Amino acid sequence: MSPIEPSDPEGRTSSSSPALWALAGGKGGVGRTLLAANMGIQIARLGRKVAVADLDFQGAGLHTYLGFGGVPRTVERLLEPDCADLSALLVDTSVPGLKLLAGAQRSLLPSERALLLERFLALVPSLAVDIVLLDCGSVETLDLFRAARPGILVASPEPAAFESLYFFAEALLQRVMETHLSPEDREKLAIAGSLSEEVPGHCAAFRTAVERLRGEAGEAGGRILEALRPL
């Protein structure tokens, strides 16, 4: 994890916009939201201005970990056409320097989720905080996770949690491939990963497929590695 930058006398870091730290994982119940709340509390106690944002569309509950029985406003306000100020949606917590952007308290349509995330990413640079901790839920938040530095994957020591984490990472890799590679390179990667030498009838591991491409005369393997470098 990157060290916290020292702030200037006004409490801001050297960056003009807040740093985004994202926590994600494929399985519920592993402690991701609890970790997000505790990280926010501890970073605020170190003197930073922090906002924790609940972007788990499957079951937003970050507010309960911060002592709220209910919240006056939530991230749903971003769906309103006239909502252009993300800071107005933040709620003060009992911890000095820590604010909360509460999660949606109803089931959102896929189109609403996409619009909400789009507006959040557009407005988050304007927040007057040092760090925004993102409690990300499902694979719908992949672009949020990619935008963050660092991205933190959370699991527990059980097979189901490991498997869910693998699926999340696989979805993240596929998202990167979709947005950075040409259709031709994606087809080459699919062909390279179509057969497994270790397990007949199964697809090869992603790393194995990339290594196969690197071993060929073409440059597709190098372009794939370059696309993955930010991760």
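Everything numeric here is computed off the predicted structure, so don't read it as measured data. (Residues numbered from 1 in each chain as written. Predicted model: local features only at pLDDT ≥ 70, side-chain atom pairs only at ≥ 80, totals over all residues. Heavy atoms only, no water.)

*Asks:* Explain the overall build of the protein chain here, please?
*Replies:* Along its length, the protein chain carries eight helices and six strands. Walking the protein chain from its N terminus toward its C terminus, one meets helices and strands in the order β-α-β-α-β-β-α-β-α-β-α-α-α-α. Within the protein chain, the fraction of its 231 residues that count as buried is 45%. The contacts of the protein chain with a sequence gap of at least 6 include a subset with a gap of at least 24, amounting to 69%. (Helix = DSSP H or I, 4+ residues; strand = E, 2+ residues; numbered from the N terminus. Buried < 20%, exposed > 50% of the residue type's maximum accessible area, 1.4 Å probe, protein only. Contact = heavy atoms within 4.5 Å.)

*Asks:* Got a minute to help me understand unusual backbone geometry in this structure?
*Replies:* Most of the time, phi is negative for any residue but glycine, and the peptide bond is trans. The amide bond that connects Arg 149 to the next residue, Pro 150, takes the cis arrangement and shows omega of 5°. Assignment of secondary structure puts Pro 150 in the loop between α4 (142-147) and β6 (151-153).

*Asks:* Please explain the environment of Ile 131 as it appears in this structure.
*Replies:* On the secondary structure map, Ile 131 appears in strand β5 (residues 131-136). With residues up to four places along the chain from it excluded, the contact list for Ile 131 reads Pro 18, Ala 19, Trp 21, Ile 43, Lys 49, Val 50 and Ala 51.

*Asks:* What exactly am I supposed to notice about the sheet that holds β5 here?
*Replies:* The strands making up a sheet are joined through hydrogen bonds of the backbone, oriented either antiparallel or parallel. If you trace the six strands from one edge of the open sheet to the other, you get β3-β4-β2-β5-β1-β6, paired in mixed fashion. Only two strands of the sheet have a single partner each, and these edge strands are β3 (91-92) and β6. Relative to strand β4 (residues 98-101), strand β2 (residues 50-55) runs parallel, the two sharing four bridges. Within β4, the position partnered with Val 52 by the bridge is Leu 100. Lying over the sheet, helix α1 (residues 32-45) contacts β1 (19-24), β2, β4, β5 and β6, oriented at roughly 170° with respect to β5. (Pairing = 2+ DSSP bridges. Axes fitted to C-alpha atoms, helices over the stretch in contact; angles between N-to-C directions.)

*Asks:* Explain the packing of aromatic side chains to me, please; I cannot follow it from the model alone.
*Replies:* Two descriptors summarise a pair of aromatic rings, namely the distance from one centre to the other and the angle between the planes of the rings. By the definition in use, this model includes two aromatic pairs. Seen from their ring centres, Phe 145 and Phe 168 are 5.4 Å apart, and the 85° between their planes marks the pair as edge-to-face. Of this pair, Phe 145 sits in helix α4 while Phe 168 is found in helix α5 (residues 159-180), placing the two residues 23 residues apart along the sequence. One exposure class covers both Phe 145 and Phe 168, and it is buried. Between the aromatic rings of Tyr 166 and Phe 167, the centroid separation amounts to 5.9 Å while the plane-to-plane angle is 65°, which identifies the pairing as edge-to-face. For Tyr 166, a relative accessible area of 48% gives the class partly exposed. (Phe/Tyr/Trp six-rings, centres within 6.5 Å; stacked < 30°, edge-to-face > 60°.)

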